[in-house]
Amino acid sequence: MNKKVKNLVFSGVQPSGNLHLGNYLGAMRNFVELQKKMDCVYSIVDLHAITVFQDPKKLEKSIMETVSSFIACGLDFKKSIIFNQSSVSAHAELAWIFNCVSRLGWLNRMTQFKEKAGSNRENASVGLYVYPNLMAADILLYKATHVPVGDDQKQHLELCRDIANKFNNDFNNSEFFPLPEPLIQKNFSRVMSLRDGKKKMSKSEDSDFSRINLQDSEDDIEKKIKKAKTDSHLITANKKDLENRPEALNLLNIYSSVTKTSLETTLKEMEGKDFSKFKKKLADALIASICPIGKKIKELNKDKHQLLTILRDGTEKAKVIADKNLKEIKQIVGFI
Ligand code: AQP
């Protein structure tokens, strides 16, 4: 990587519903740690959200609630730039340039499009298909060097690096865009659905019992964990026993991640217990770490003026970087 490039973190979260445990453990917790070490830009990516239809009233509410969630999880809006993507038009402009740099063959390999479009692919929006090009624009607009994401976004980040590389080569400017590094949690990077251990926990999954939302009450969490799919085997200290038991592994991983212990330690602690006993401990651990955040989100949601001010200030700061970089990019491309 170009040695002159300053380290900068960029990441985004879609306001497509309530944030859940997967967003928290896979992304938000990492966002908070990173702001202690580097300059960070965190966006509420509303342009991404509309790749699947969003009710305008609900979208507005989700954008505000995502700001509250950012702050409640520990993001410092005085230190990091927090803004909503659609308020900085340079994202859409650079995305168009990248639509012309990125290759159809690259997009055709993206598994998220295949999963989200499902069997009715002809009816999916064009936006959903070119989503990874917009994501590359989000990151490269700020010349970000590091991108904290969940494991589900790894493929999109590889595409972002391909786009950066092709742009640099096509326009003979080998060091213009840095090649951003993914920052993915090592031990447990994909929180799975509570109903199906092979599917990731997601905002858009129909069943609310598939996920723990950050705003769930103690009661909700207890009920959801009680109903979470597992099996009738006892827990053993041997990790190998969890092969082909995705639901059991997911719950044990969640417990380890929330309590910040290793899976091995959790297995030793729970050895010989059945899942009904373990679930009680898991629900308690989740209540202790998630409910205070949920309470804070609800509190922050009441002050719409403050949330709008945070977004407005963040937009101004984001525009300073984005507009300067876009101007250079346009010159490189040959626009007058
Ligand atoms: N289940 C997950 N496990 C770990 N990390 C996750 N992330 C999302 N789900 C999990 C990470 O959270 C960040 C924000 O994601 P997003 O909301 O922008 O989009 P997404 O990945 O598409 O999340 P959802 O919940 O599945 O949203 P919908 O249902 O609207 O598509 C990202 O860093 C992501 O990796």
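Residues numbered from 1 in each chain as written. Predicted model: local features only at pLDDT ≥ 70, side-chain atom pairs only at ≥ 80, totals over all residues. Heavy atoms only, no water.

Caption draft 1: Just the overall build of the protein, in detail. Counting its regular elements, the protein contains 13 helices and 5 strands. Against the 2.2 N^0.38 benchmark of 20 Å for 336 residues, the protein shows a C-alpha radius of gyration of 21 Å, consistent with a compact globule. Burial status across the protein gives 51% buried among its 336 residues. Counting contacts in the protein only where the partners sit at least 6 residues apart, residues at least 24 apart contribute 77% of the total. For the protein, the computed accessible surface area is about 16,700 Å², with 51% contributed by carbon and sulfur atoms. Averaged over its 54 positive side-chain charges, the protein has a centre that lies 1 Å from the centre of its 42 negative ones. (Helix = DSSP H or I, 4+ residues; strand = E, 2+ residues; numbered from the N terminus. Rg over C-alpha atoms; globule rule 2.2 N^0.38 Å. Buried < 20%, exposed > 50% of the residue type's maximum accessible area, 1.4 Å probe, protein only. Contact = heavy atoms within 4.5 Å. Areas by Shrake-Rupley, 256 points an atom, 1.4 Å probe, with all protein chains shown as cover. Lys, Arg positive; Asp, Glu negative; His and termini not counted. Charge placed at Lys NZ, Arg CZ, Asp CG, Glu CD.)

Caption draft 2: Structural detail: the site of the ligand. Surveying the vicinity of the ligand reveals 22 residues, the closest of which are S16, K116, D152, K203 and S204. Here G150 contributes a backbone N or O atom positioned 2.8 Å from an oxygen atom of the ligand. Side-chain polar atom of K200 to an oxygen atom of the ligand: 2.9 Å apart, as the coordinates give it. Its free accessible area being 640 Å², the ligand has 97% of it covered by the protein chains. Where the shell around the ligand is concerned, the elements lending two or more residues are β1 (8-13) and α1 (21-34). For the shell around the ligand, the leading source of residues is α1, giving 4 residues. Residue composition of the shell around the ligand, by class: 5 nonpolar, 12 polar and 5 charged. (Near = heavy atom within 4 Å. Polar contact = N/O pair within 3.5 Å; in protein donor to acceptor, adjacent residues only side chain to side chain. Nonpolar A, V, L, I, M, F, W, Y, C, P; charged D, E, K, R; others polar.)

Caption draft 3: Quick peek at unusual backbone geometry. For K143, which is not a glycine, the phi torsion comes out positive at approximately 50°. Structurally, the position occupied by K143 is in the loop between α7 (126-141) and β4 (146-148). A positive phi angle, near 65°, is found at N244, a position not held by glycine. Within the secondary structure, N244 is located in the loop between α9 (218-227) and α10 (246-258).

Caption draft 4: Expanded view of the pairing of strand β3 (residues 81-84). Residues I81 and F83 of β3 are buried on one face, and the alternating residues I82 and N84, pointing to the opposite face, are buried as well. One ladder, built from 4 bridges, connects strand β2 (residues 39-44) with β3; its direction is parallel. Residue I44 lies in a different strand from β3, and its bridge partner there is N84. (Pairing = 2+ DSSP bridges.)

Caption draft 5: Representation of the side chain of H48 in the model. Here H48 is to be found in helix α2 (residues 46-49). At 2.8 Å, the side chain of H48 and the side chain of D138 are in polar contact. Leaving out residues up to four positions away in the same chain, H48 has contacts with Q14, Q85, Y131, L134, M135 and D138.

Caption draft 6: Spatial organisation of α7. The end-to-end C-alpha distance of α7, which contains 16 residues, comes to 22 Å, matching closely the 22 Å that a straight helix rising 1.5 Å per residue would cover. At P132, α7 shows its strongest bend, of approximately 45°. Burial analysis of α7 places 13 of its 16 residues in the buried class, the great majority of the element. Just downstream of α7, K143 is the residue with a positive phi angle, here 50°. (Expected span 1.5 Å × (residues − 1). Bend = angle between axes of the 7 residues up to and from the residue.)

Caption draft 7: How the structure looks around the packing of α10 against helix α12 (residues 275-301). Between α10 and α12, the least distance of the axes is 10 Å, while the angle of their chain directions is 40°. Judged by the angle between their axes, α10 and α12 are oblique. The chirality of how α10 crosses α12 is left-handed. Packed against α10, whose contacting residues are A248, L251, L252, I254, Y255 and V258, the element α12 presents F275, F278, K279, K281, L282, A285, L286 and S289 at the interface. Class assignment of the residues belonging to the contact of α10 with α12 gives a composition of 11 nonpolar, 1 polar and 2 charged. (Axes fitted to C-alpha atoms, helices over the stretch in contact; angles between N-to-C directions. Parallel < 35°, antiparallel > 145°, perpendicular 65-115°, else oblique. Left-handed = near helix turned anticlockwise from the far one by under 90°.)

Caption draft 8: A look at the nonpolar core. Ranked by size, the top nonpolar core spans 61 residues in total, and within it L21, M28, I254, F278 and L286 carry the most contacts. Broken down by element, this core gets its largest block of residues, 12 residues, from α12. Residues within four places of M28 in sequence aside, it is in contact with V13, L19, N23, S69, F70, C73 and L75. Judged by nonpolar contacts, the second largest core, of 43 residues, contains F83, A117, L157 and A318. (Core = buried A, V, L, I, M, F, W, Y, C linked by side-chain atoms within 4.5 Å.)

Caption draft 9: Spotlight on the packing of aromatic side chains. The final tally for this structure, using the stated rule, is 13 aromatic pairs. Taken together, a centroid distance of 5.2 Å and an interplanar angle of 80° make the contact between F113 and Y129 edge-to-face. Residue F113 is located in helix α6 (residues 111-117), and its partner Y129 is located in helix α7; the two are separated by 16 residues in the primary sequence. Judged by relative accessible area, Y129 falls into the buried class, the value being 18%. (Phe/Tyr/Trp six-rings, centres within 6.5 Å; stacked < 30°, edge-to-face > 60°.)

Caption draft 10: Spotlight on the pairing of β2. Judged by how many residues are buried, β2 sits mostly within the fold: 5 of 6 residues are covered. Pairing geometry for β1 and β2, over 6 bridges, is parallel. Within β2, the position partnered with G12 by the bridge is S43. Crossover β1 to β2 through α1 is right-handed. (Right-handed = clockwise from strand over helix to strand, strands pointing away.)

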